[in-house]
Amino acid sequence: MEIFQVDAFTQTLFSGNPAAVVPVKQWPDDQTMQNVALENNLSETAFFLKNGADSYHIRWFTPETEVDLCGHATLAAAHVLFHHKKVKTDTLTFTSSGGNLRVLNDGDLLWLDFPSRPPENVSVPKLLPEAIGTIPFYAGFNVDLLVLVENENIVRQMKPSMNLLSNLELRGIIVTAEGDDDEIDFVSRFFAPNVGVPEDPVTGSAHTVLTPFWSRRLGKNKLKARQISARGGSLWCEQKGDRVHIGGDAVTVLTGQLHI
């Protein structure tokens, strides 16, 4: 089987979020896919199988478990299809356990067309202020917990306790604030120790929650986002009814073969 490693949501090697991509002609057994993801030791490994004209079934694995939605690894899979497999279309459809997903290639960016997942207000979990070192202004939940803090610097300097976060029984915690730069509407970081990803460098799926939240808060549908992890990444986001469009670049780091 071929394998590709792609940095997503960046134009520069060794930044953005790395994902492994494995095209398959038939599904390996689940344990083999999990073992490959563990061996890669990246936040996500995506496997895809062609199931129709310009349509592919996609599955995503962290080093510890399969997940039902992953943005950056979907962007990476689309990059492989557009740039390495030279597909003759501008629109790809991926079927997944999280629903049907589309990726559009406009020549400048790849655009993920994902479901919008606005957060619903929840109480701040008791352990959270101690875990992240600050008291959030707001907490909301939709698949992951979103917490709003006072400013970008708090997000940037945050050193959360992974032990405490892992006790919250959440898939992931999105920490966000309004951007200090006039060109950046909001910033975020994403922590998911319970699925084997202490901090994800750039998280497409988190922006299905962040985009409707910030669209409503800022009163605008088109937003520029920056995930300010150590590697960092840029995302263009647009709220479109019950869908979210998330745009980004991707670059290939390596290609190779799996000997399994």
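Higher on the page you've got the structure.
This part takes up the side chain of His79. Tracing the chain through its elements places His79 in helix 2 (residues 71-84). Side-chain polar atoms of His79 contact the side chain of Thr252, separated by 2.8 Å. Ignoring sequence-local partners within four residues, the contact set of His79 consists of Val6, His84, Leu110, Ala250, Val251 and Thr252.

Turning next to the packing of aromatic side chains. Throughout the structure, instances matching the rule amount to six aromatic pairs. Judged by centre distance (5.3 Å) and plane angle (85°), the ring pair of Phe213 and Trp214 falls under edge-to-face. Across the pair, exposure class does not vary: Phe213 and Trp214 are buried alike. Taken together, the aromatic side chains of Tyr138, Phe186, Phe213 and Trp214 make up a single cluster linked through ring pairs.

This part is about the nonpolar core. Ranked by size, the top nonpolar core spans 52 residues in total, and within it Phe9, Trp60, Leu92 and Phe94 carry the most contacts. For this core, the leading source of residues is helix 2, giving eight residues. Grouped together as the second largest cluster of nonpolar side chains are 20 residues, Ala131, Val149, Val155 and Val187 included.

Take the pairing of strand 10 (residues 138-142) next. The pairing of strand 9 (residues 120-121) with strand 10 spans two bridges and is antiparallel. Across the sheet, Glu120 pairs through a bridge with Phe141, a residue of strand 10. Pairing analysis gives five bridges linking strand 10 to strand 11 (residues 144-148), with the strands arranged antiparallel. Bridged to Gly140 within strand 11 is Leu146.

Looking now at unusual backbone geometry. Unlike most non-glycine residues, Phe14 shows phi in positive territory, near 70°. Look at Glu169: it is not a glycine, yet its phi comes out positive at around 55°. Relative to the helices and strands, Glu169 resides in the loop between helix 5 (162-166) and strand 12 (173-178). Assessed through its relative accessible area of 73%, Glu169 is described here as exposed.

The rules we used
- Residues numbered from 1 in each chain as written.
- Predicted model: local features only at pLDDT ≥ 70, side-chain atom pairs only at ≥ 80, totals over all residues.
- Heavy atoms only, no water.
- Helix = DSSP H or I, 4+ residues; strand = E, 2+ residues; numbered from the N terminus.
- Polar contact = N/O pair within 3.5 Å; in protein donor to acceptor, adjacent residues only side chain to side chain.
- Contact = heavy atoms within 4.5 Å.
- Phe/Tyr/Trp six-rings, centres within 6.5 Å; stacked < 30°, edge-to-face > 60°.
- Buried < 20%, exposed > 50% of the residue type's maximum accessible area, 1.4 Å probe, protein only.
- Core = buried A, V, L, I, M, F, W, Y, C linked by side-chain atoms within 4.5 Å.
- Pairing = 2+ DSSP bridges.

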